[in-house]
Amino acid sequence: MSGSSLNSPIRHMTLKPMIQRRKSVAFKKLTETKEKLAKSVNMSAMNLLGSAKEQYADLMKKGKIVLNDKAKIAAVIDELDKKKNEALKKAWEQV
């Protein structure tokens, strides 16, 4: 039973190189997978960054448009207030 035992030193010595080769192959595959993922993850991050920058630039343009429109609206309101006050003054003077 000593020669056929699974825990015998001879069996362990013959399996050790095979186990090491399997571990080496598995390690190599995992390393390659990691490198591939690192490239694709960085590319995904770069795509997200580019998209975010485009959205930011678009929002900044829209913000400038809104501010310009706000200034125009304020100018129209001021002009209408002046005309209203003039019309009230004329009406008061006529009465």
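Note that the structure is predicted; figures quoted are calculated from it, not measured.

Focus on the pattern of salt bridges
Alright, step 1. On inspection of all chains with the given rule, the structure shows two salt bridges.
Alright, step 2. The partner of D58 in a salt bridge is K62, and the shortest N-O contact between them spans 3.4 Å. Separated by four residues within a single helix, D58 and K62 lie in helix α1 (residues 9–94), roughly one turn from each other.
Alright, step 3. Overall, the relative accessible area of 37% leaves D58 in the partly exposed class.
Alright, step 4. With a relative accessible area of 47%, K62 lands in the partly exposed category.

Rules used in this analysis
Residue numbers restart at each chain and count upward from 1, following the sequence in its written direction. Side-chain atom pairs in this predicted model are given and counted only at pLDDT of 80 or more, local residue features only at pLDDT of at least 70, and totals for whole chains, interfaces and linings cover all residues. Side-chain measures here rest on the full set of heavy atoms in the structure, leaving out hydrogens and waters. When a carboxyl oxygen of Asp or Glu is within 4 Å of a side-chain nitrogen of Lys or Arg, the pair counts as a salt bridge. By the criteria applied, helices consist of DSSP H or I runs no shorter than four residues and strands consist of E runs no shorter than two, each listed in order from the N terminus. Categorising residues by exposure relies on relative accessible area from a 1.4 Å probe, with only protein chains included: less than 20% of the type maximum marks a residue as buried, more than 50% marks it as exposed, and the intermediate range marks it as partly exposed.

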